[in-house]
Amino acid sequence: MFLCRPAPLRAAALVAAFLLPALALPAIASAADLDGAVLDEINYVRTHPAQYADELRRAPDWVFEQEEPGAVDEAIGFLERQQPLAPLKADRRIAAAAHIHAASQSATGQVGHGAAGSLGQRLRGEGIFAGMSAENISYGYDDARAVVRQLIIDSRVAGRGHRRNIFSTAYSTVGVACGGHRQWGSMCVIDFAGALMERGRAE
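Small disclaimer: the values here were computed from a predicted structure and weren't measured.

Rules and cut-offs
- Residues numbered from 1 in each chain as written.
- Predicted model: local features only at pLDDT ≥ 70, side-chain atom pairs only at ≥ 80, totals over all residues.
- Heavy atoms only, no water.
- Disulfide = S-S within 2.5 Å.
- Helix = DSSP H or I, 4+ residues; strand = E, 2+ residues; numbered from the N terminus.
- Buried < 20%, exposed > 50% of the residue type's maximum accessible area, 1.4 Å probe, protein only.
- Salt bridge = Lys/Arg side-chain N within 4 Å of Asp/Glu carboxyl O.
- Phe/Tyr/Trp six-rings, centres within 6.5 Å; stacked < 30°, edge-to-face > 60°.

1. Structural notes on the state of the cysteines
Per the stated rule, a full pass over the model turns up one disulfide. The disulfide partner of C178 is C188, and the gap between their sulfur atoms is 2.0 Å. Handedness of the C178-C188 disulfide follows from its S-S torsion of about 110 degrees: it is right-handed. Here the residue C178 occupies a position in strand β4 (residues 173-181), and C188 occupies one in strand β5 (residues 185-198), the gap between them amounting to 10 residues. C188 carries the same exposure label as C178, and that label is buried.

2. Details of the pattern of salt bridges
Under the definition given, this model contains eight salt bridges. Put simply, R160 and E74 hold a salt bridge, and the shortest N to O gap is 3.2 Å. Taken together, the residues R160 in the loop between α7 (144-153) and α8 (161-167) and E74 in helix α4 (residues 71-81) connect sequence positions 86 residues apart. The salt bridge involving R122 is made with E135; its shortest N-O contact spans 2.7 Å. Of this pair, R122 sits in helix α6 (residues 118-125) while E135 is found in strand β3 (residues 128-139), placing the two residues 13 residues apart along the sequence. Given the relative accessible area of 8%, R122 is considered buried. Of the residues examined, E135 reaches a relative accessible area of 0% and is grouped as buried.

3. A short note on the packing of aromatic side chains
All chains considered together, the criterion is met by two aromatic pairs. Judged by centre distance (5.3 Å) and plane angle (65 degrees), the ring pair of F78 and F167 falls under edge-to-face. One end of the pair, F78, is in helix α4; the other, F167, is in helix α8, with 89 residues separating them in the sequence. On the basis of relative accessibility, which here comes to 7%, the residue F167 falls in the buried class. With centroids separated by 5.7 Å and ring planes inclined at 35 degrees, the aromatic side chains of Y171 and F192 adopt a geometry described as tilted.

Any functional reading would require information that these geometric values do not contain.
Take a look at the structure:
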């Protein structure tokens, strides 16, 4: 599991026009709309990494003013080498597990993944028994392009763990839950799962 660093509070306003102009998404009207837009953006990156690299290269410098030196170039190099992958399949049960965490932190203003084993417990509670699972969380962005771009560049995150989760072939399904956050204004929880075993929903 990986936690994306909280974004600067002014960051969301800076990125509204950036990324994927050819696939312009409708204005985000609700958290549910943002959930779907984030999933669409993740699947675009997985299926079109080279095109995404080109879009990062063409973006204006001010878009990246908060990133660590060299992080954007490193991300572009990764994307240029990355082979296209199949899109992740949305699963409402995984999204429900993500929503539990997003709703809790929205009310408390906490950050992080919770206690050890929290993700697995939430997934099992929704009837998901996964051999592999991971969680990305982004704070401070209410725009799908900005959320995913932050996770792909993964500035100041050792090992680029968020990016590795997005491009991992171990995961086949995903659930996204976005909402408000008392401290950072907005947040998105992205839960990944693979090697699923079918069992009944936990009581």
